[in-house]
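# Structural features, examined
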Amino acid sequence: MLHHRWQDAAHYLAAYSQMLEETTAHKQSLACEIIWRLGTEVLQHHPNSRLEDFNALYERMKNSGVKNYAKICLEHSFHLLLNGNFNDAKRQLSVAASWRYGKQSASQSMELKLIHAYCGFLDYFIWCTKKSSGTSSDANTSREMHSYFRQASVTLQEIITQPGVWDPFVLSYVDMLEFYNDQEGALKVLQNYAYNKDYPSNPNAHVYLYQFLKRHKAPPAKLISTLKVLHCLVPSHELMLEYCSLLLKSEVEEDMQDCLTIAMNLLDYPSWKYDLNAWNCLLKVMTVLKKNGLKHLIDKEWEKRRDLWLTMHYRNCHGKKDSEENAKLLFVKAKVSKIFGEHKATINSLLKFWGFSTRKTAKRKGKEEKGCLFQLMIKC
């Protein structure tokens, strides 16, 4: 397998399958798990594998040992779904959901719970298919849709009311509630999922709630309070740009100060370091603050970060990289540094890096070449 010799691996695994005849329960259980996990990997890469081979492997593994019965059923149904066998996948899940085997089924309660959840999820998929068929206004199709909605909603509601991370199930249930104009019910589901202390901390729950509120034109105060919680959990989330925009519109000094901190925090993360939107957001925040006579807030924040930011964003190598790869970013960063009061130092370090003794020389040379350097000198 390590050398991708899948056909040879299949021969060895076929020989190893005799271990399934072991009379010792522990050895048989171990062999079953090895063959299940390695067998699916080999079949996935074998040039001559067929869907029938996967089905045969899964069925034999289910019947050779019950320790992993529920997991194997779930994996089997996923494989069928990926291959477009929707009805077979649903049938597999329905059979697995009714499986009982004493202590073994009790020990697999979480997997069986997931199987039950995915039964409802597949009912939701059928409902979606009917909805997108273009005949949802037809009386018969409408009845069928409502039937699948009832089946799916009962199952999904039962699952998502139990503490856990149920993202796809919550989204599918909310989608159906919105379709039938039950916005209040959908909002309750999302609020419970986001704020119920019995549930694990889950940033996605707050993202889904924010997106729902935004879709339904909620007041800015509600949007801000939702994103405030998300910021505490994931300060580098992409929605922080929208959070800054909302705070900036409030025109409250405290909100605008928070806005500046959030925008600068975002650029402390390597993934945002060269993001033009993040820098434009910061520039916009600083421009508004300066216009409103709140320059002291900028100075206060810069004093805390100066040493870090000059090293992290304004070294010679950063100027060189930006001038070669993203001139727009270089202009925005230069404007930001100007508001911070570091513009001369920033420009001088770039001049030194590019081999110029004065700004006048750089302007003349840049004008001749019509390059990024000349634009920087003129605009900033």
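Note that the structure is predicted; figures quoted are calculated from it, not measured. (Residues numbered from 1 in each chain as written. Predicted model: local features only at pLDDT ≥ 70, side-chain atom pairs only at ≥ 80, totals over all residues. Heavy atoms only, no water.)

### Let's talk about the overall build of the chain
Regarding its fold elements, the chain presents 21 helices and zero strands. Expressed as a percentage of its 380 residues, the buried residues of the chain come to 42%. Only carbon and sulfur atoms are counted for the fraction: they give 52% of the accessible area of the chain, which is about 21,000 Å². (Helix = DSSP H or I, 4+ residues; strand = E, 2+ residues; numbered from the N terminus. Buried < 20%, exposed > 50% of the residue type's maximum accessible area, 1.4 Å probe, protein only. Areas by Shrake-Rupley, 256 points an atom, 1.4 Å probe, with all protein chains shown as cover.)

### Comments concerning the confidence of the model for the chain
Model confidence for the chain is summarised by a mean pLDDT of 85, while 86% of its residues fall at 70 or above. Here residues 353-358 scores under 50 on pLDDT; set against residues more than four positions off or in separate chains, the count is 13 contacts. (pLDDT = per-residue confidence, 0-100. Contact = heavy atoms within 4.5 Å.)

### Quick look at helix H12 (residues 220-233)
Along an α-helix, a turn takes 3.6 residues, which lines up residues three or four apart on a common side. For H12, spanning 14 residues, the distance from its first C-alpha to its last is 20 Å, which sits close to the expected 20 Å at 1.5 Å a residue. Along H12, the positions that sit buried rather than exposed are Leu223, Ile224, Thr226, Leu227, Leu230 and His231. Along H12, the residues classed as buried sweep out an arc of 165° about the axis, all on the same side. For H12, the exposed residues set more than 90 degrees away from the buried face come down to Ala221, Lys228 and Cys232. Elements that come into contact with the buried residues of H12 comprise helix H10 (183-195), helix H11 (203-215), helix H13 (240-250) and helix H14 (253-266). (Expected span 1.5 Å × (residues − 1). Arc of directions from axis to C-beta.)

### Description of the environment of Lys228
Among the structural elements, Lys228 can be located in helix H12. Residues Lys228 and Met240, spaced twelve residues apart in sequence, show a C-alpha to C-alpha distance of 9.1 Å.

### Brief notes about the packing of helix H9 (residues 167-179) against H11
Pairs of packed helices are described in terms of their axes, by the angle between the two and the distance that separates them. Two elements in contact, H9 and H11, have axes separated by 11 Å at closest approach and are oriented at 15°. Looking at the two axes, H9 sits roughly parallel to H11. Where H9 crosses over H11, the two elements pack in a sense that is right-handed. Counted together, Asp167, Leu171, Val174 and Glu178 of H9 and Asn204, Tyr208, Phe212 and Arg215 of H11 form the full contact between these two elements. (Axes fitted to C-alpha atoms, helices over the stretch in contact; angles between N-to-C directions. Parallel < 35°, antiparallel > 145°, perpendicular 65-115°, else oblique. Left-handed = near helix turned anticlockwise from the far one by under 90°.)

### Focus: the nonpolar core
Ranked by size, the top nonpolar core spans 83 residues in total, and within it Trp279, Leu282 and Val336 carry the most contacts. It is helix H7 (residues 109-132) that contributes the most residues to this core, ten residues altogether. Apart from residues lying up to four places away in sequence, Trp279 is in contact with Leu267, Trp272, Lys273, Trp309, His313, Tyr314, Leu329, Val332, Lys333 and Val336. Counting eleven residues, the second-largest nonpolar core is a separate cluster that includes Leu20, Cys32, Leu43 and Leu57. (Core = buried A, V, L, I, M, F, W, Y, C linked by side-chain atoms within 4.5 Å.)

### Quick notes on the side chain of His46
The topology assignment puts His46 in the loop between helix H2 (25-45) and helix H3 (51-64). Here Asn48 takes part through its backbone nitrogen, which lies 3.0 Å from a polar atom of the side chain of His46. Other than its neighbours up to four places away in sequence, His46 contacts Trp6, Gln7 and Ala10. (Polar contact = N/O pair within 3.5 Å; in protein donor to acceptor, adjacent residues only side chain to side chain.)

### Comments concerning the packing of aromatic side chains
Following the criterion strictly, the structure yields 20 aromatic pairs and no others. On the basis of an interplanar angle of 80° and a centroid distance of 6.2 Å, the ring pair of Trp279 and Tyr314 is categorised as edge-to-face. Of this pair, Trp279 sits in helix H15 (residues 276-291) while Tyr314 sits in the loop between helix H16 (295-312) and helix H17 (316-325), placing them 35 residues apart in sequence. The residues Trp279 and Tyr314 share a single accessibility class, namely buried. Ring centres of Trp302 and Phe340 lie 4.0 Å apart, and the angle between their planes is 15°; this geometry places the pair in the stacked category. One end of the pair, Trp302, is in helix H16; the other, Phe340, is in helix H18 (residues 327-340), with 38 residues separating them in the sequence. Overall, Trp302 belongs to the buried group, its relative accessible area being 5%. (Phe/Tyr/Trp six-rings, centres within 6.5 Å; stacked < 30°, edge-to-face > 60°.)

### Quick notes on H2
For H2, spanning 21 residues, the distance from its first C-alpha to its last is 30 Å, which sits close to the expected 30 Å at 1.5 Å a residue. Looking at the packing, one finds that the buried side of H2 touches helix H1 (6-16), H3 and helix H4 (69-82).

### A word on the environment of Leu30
Tracing the backbone through its elements, the reader meets Leu30 in helix H2. On the basis of relative accessibility, which here comes to 46%, the residue Leu30 falls in the partly exposed class. Along the backbone, Leu30 and Leu20 are ten residues apart, and their C-alpha atoms lie at a distance of 9.1 Å.

### A short note on the pattern of salt bridges
For the structure on display, the rule yields 17 salt bridges. Among the salt bridges present, the one from Arg305 reaches Asp268, with a minimum N-O distance of 2.7 Å. A residue pair is termed long-range when its members are at least 10 positions apart, and Arg305 in helix H16 and Asp268 in the loop between H14 and H15 qualify at 37 residues. One network of salt bridges, with partners in common, ties together Asp268, Glu301, Lys304 and Arg305. (Salt bridge = Lys/Arg side-chain N within 4 Å of Asp/Glu carboxyl O.)

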